[in-house]
Amino acid sequence: MDLERAINNNPIKRDSWKTVLTLAYQSLGVVYGDLSTSPLYVYKSTFAEDIQHSETNEEIYGVLSFVFWTLTLIPLVKYVFIVLRADDNGEGGTFALYSLLCRHARVGFIPNCQLADEELSDYTKDGSWSNDKGVKGSRLKSTLEKFRVLQRVLLVLALIGTCMVIGDGVLTPAISVYSAVSGLELSMSRELHQYIQLPVTCAILVFLFALQHYGTHKVGFLFAPIVVTWLVCISAIGLYNIVQWNPHVYQALSPYYMYKFLKKTQTKGWMSLGGMLLCITGSEAMFADLGHFSQLSIMIAFTFLVYPSLILAYMGQAAYLSKHHIIESDYRIGFYVSVPVAIRWPVLGIAILAAVVGSQAIITGTFSIIKQCSSLGCFPKVKIVHTSSKIHGQIYIPEINWVLMLLCLAVTVGFRNTKHMGNAAGLAVITVMLVTTCLMSLVIVLCWHKNVLLAICFILFFGSIEALYFSASLIKFLEGAWVPVALSFIFLILMYIWHYGTLKKYEFDVQNKVSINWLLALGPSLGLARVRGIGVLHTELVSGIPAIFSHFVTNLPAFHQVLVFLCIKSVPVPYVRPDERFLIGRVGPKEYRIYRCIARYGYRDVHMDDIEFEKDIICSIAEFIRSGKPECNTEIEETGDSERMTVVGTISSNLEGIKMCEEDADFSLSDTVGTSELREIQSPEGLRKRVRFLVPESPCIDMEAQEELQELVEAREAGMAFILGQSYVRAKTGSSCMKRIVINYGYEFLRRNSRGPTYALNIPRASTLEVGMVYYV
């Protein structure tokens, strides 16, 4: 299954302009759908109530100047030329920055991290501008590593940015589709329009979310042409309005008009900044979707098409409005007023399609960021469906999809106007940008090893601009801006409870794990009847014997002849190469036939299905037995336990290693692949399924290893059983009231309603055994 490496194994060919231009074209349909539809509602939201359009045109010129410089400084200068360079092995977004920081300073909260993880190939590749690590940022790094409270602040900051992205996933579809459908108001009476717009908007939203399970790849070829058509349409209309109504509107691009605007409008002008802010909605997608494309392709698409098209569109609207001061109050100052009457219906259709495309992009982005949070232990486990066998980022999460749909419909029905939706969306967007600016300033020092003054200049310049917009959005708290705050607060509490409970549960596992002396005292048979088969016991521990195993053997008199302690863990990198997937080691002496298998995944990796995963577990253990030479030492300092572990790849990556063939009992040997260069280790006849290891001729395998492989073959043929812990988490006696509420009710509710381990979703129930245990944390 190559899905997990479809993107990572196919790096962008920087010397191929055909590849770059193709990616730039494709990025239009994925990245810029939201940003390109902002002209639908920017002017309408800005002039909603705070300011009025007067005969002097100072207001409209001032708004145009603000829009122009905001688009230039934030998306173009900040994101395209600076932030896009802070990629995490090609990946972008809030969690990518946090992951990058966690690898350059020990500020992460992933509990089961190991020193061996730092030897991963992608762990040190961060695209730094400088190799001079010197002492720059060493004081900042030591301060962050010393104070636990600063680490928590950093985590909460990353979670706030993530929660606001989720809130944006609720608000963007609502305001985009509602604004696009609002074009109907110019083609029908007011009485009819008020009964048509809301039902049509809700119907389109339901249709949009209902299509999510098909995946964006089904209609991917339609997305880019729709956005290109929309961009050409709005730029052509803008150019027509400039030539037709006011060729001198370009003068409003001077920053002087911003000063005149604020001087005349004062407090009301400052409050209207929340509407102007909407011109950069979707800018964060350029960074968040970096993993699908490349820095150069996104830069080309924005610089040479999206940016000039948007500037022409806003200039065209301003030119039209500068000569039309008397506009019916019912229509206010919207996009469709400036569209020539003859083409309003076609433009309406294109606008609705573009709004759907933009909404699709933010919904998919919401799915991706929830997957990242879940992988790093900051969100309950959810069902993740990969809708494309080639593009790893195209996923579908059923539970989240329907929650987003209900919230989106609630916002649409509850507000019924772009003013309140715009206030809500604006606050969500600017909060994410502020978080990115803060994290980016740390990246400049800790990862790029630049001077602290450069980071201070970065955060002061861009942070002051964004803080101005943030204050203007926050002042509209009671007029819609409370929605993203409420949504983010709910998701933040949910995520922090899950993270806190997971951390405490892991600490309980570490404190109560069984010593190796206890295992040695049981002898090779563990004091039990060892029956044929392989028992795979899932645990979060990367060292030691989990307490749940002692609980199991205490209550049952038998266990499998081969025991595997399986730990599936996430590491703070986007991808783990297949040839570095597994860490394999022994627990106890060889004759005990107990192994530890640690499967490592990045936060954007695709977990394998159960069949491939089972084969990879067995083959990785077999390759470990054949090699017989551990490569790395993973030592857990808290306990003193030490286990020698070997890095082993998946079947697909280890072409010269052991292969496994599974056949029916009557399968003819002549039907298999040639074995001229391979030796066979087979199981005895008479079992229900034949399993064979195809072993390379050299180096030679000693008899002891051959016997161990033979026993592994017999156990595999007898079948595999998965032992999953069914934990019941409770707060310790004497814990504070808040902790009891969080653990006994909050975390326990989330645990009961979350998914189990990913690999266990498709395992037959007959092969699964759940062992219950109470955790007092």
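Notes on the structure follow. This is a predicted model, so every value here is computed, not measured.

This next bit is on the pairing of strand S5 (residues 582-586). Across the five residues that make up S5, a large majority, five, are buried. Across the two faces of S5 the burial is the same, with Phe582, Ile584 and Arg586 and Leu583 and Gly585 all buried. Bridge count for S5 against strand S6 (residues 594-601) is five bridges, and the pairing is antiparallel. Looking at the pairing, Ile584 lines up with Cys597 of S6.

Proximity of charged atoms lets side chains of opposite charge pair with each other. Taken as a whole, this structure holds 14 salt bridges when the rule is applied. Across the pair Glu479 and Lys419 runs a salt bridge whose closest N-O atoms are separated by 3.2 Å. Separated by 60 residues along the polypeptide, Glu479 in the loop between helix H18 (452-474) and helix H19 (482-511) and Lys419 in helix H17 (residues 418-446) bring together distant segments of the chain. The exposure class of Lys419 is buried, given its relative accessible area of 12%. Connected via shared salt-bridge partners are Glu58, Glu59, Lys260 and Lys264.

Right, let's get into empty space enclosed by the protein. With the rule as written, the count across this model stands at eight cavities of 30 Å³ or more. Here the largest cavity is characterised by a volume of approximately 390 Å³. Looking at the largest cavity, it is lined by 27 residues, and the ones nearest its centre are Val165, Glu284, Ala285, Ala288 and Ile362. Only helix H5 (94-104), helix H7 (148-181), helix H13 (284-288), helix H15 (344-375) and H17 provide two or more residues apiece to the lining of the largest cavity.

What follows covers unusual backbone geometry. Trans is the common state for peptide bonds, and a negative phi is the common state for residues other than glycine. Residues other than glycine seldom take positive phi values, yet Arg416 does so here, at roughly 60°. Considering the arrangement of structural elements, one finds Arg416 in the loop between helix H16 (398-415) and H17. Positive phi, normally seen in glycine, also occurs at Arg593, with a value near 55°. Here Arg593 lies in the loop between S5 and S6. Take Arg593: its relative accessible area is 13%, and that puts it in the buried class.

Rules and cut-offs
Each chain carries its own residue numbering, running from 1 in the direction its sequence is written. Side-chain atom pairs in this predicted model are given and counted only at pLDDT of 80 or more, local residue features only at pLDDT of at least 70, and totals for whole chains, interfaces and linings cover all residues. Hydrogens are left out, water is left out, and the side-chain values use all remaining heavy atoms of the structure. For every residue, the accessible area (1.4 Å probe, protein chains only) is compared with the maximum for its type, and the residue is labelled buried under 20%, exposed over 50%, or partly exposed between those bounds. Comment: elements are numbered from the N terminus, with helices defined as DSSP H or I runs of at least four residues and strands as E runs of at least two. In this description, strands pair whenever DSSP reports at least two bridges between them. Put simply, a salt bridge is a Lys or Arg side-chain nitrogen that is within 4 Å of an Asp or Glu carboxyl oxygen. Within this scheme a cavity is a closed region of a 1 Å grid, computed over the protein atoms alone, that accommodates a 1.4 Å probe without allowing it to escape, whereas a pocket is open but has protein on both sides within 12 Å along at least five of seven lines; lining residues each have an atom within 4 Å of a point. Grid points are joined across faces, edges and corners, and a volume is the space filled by probe spheres set on the points.

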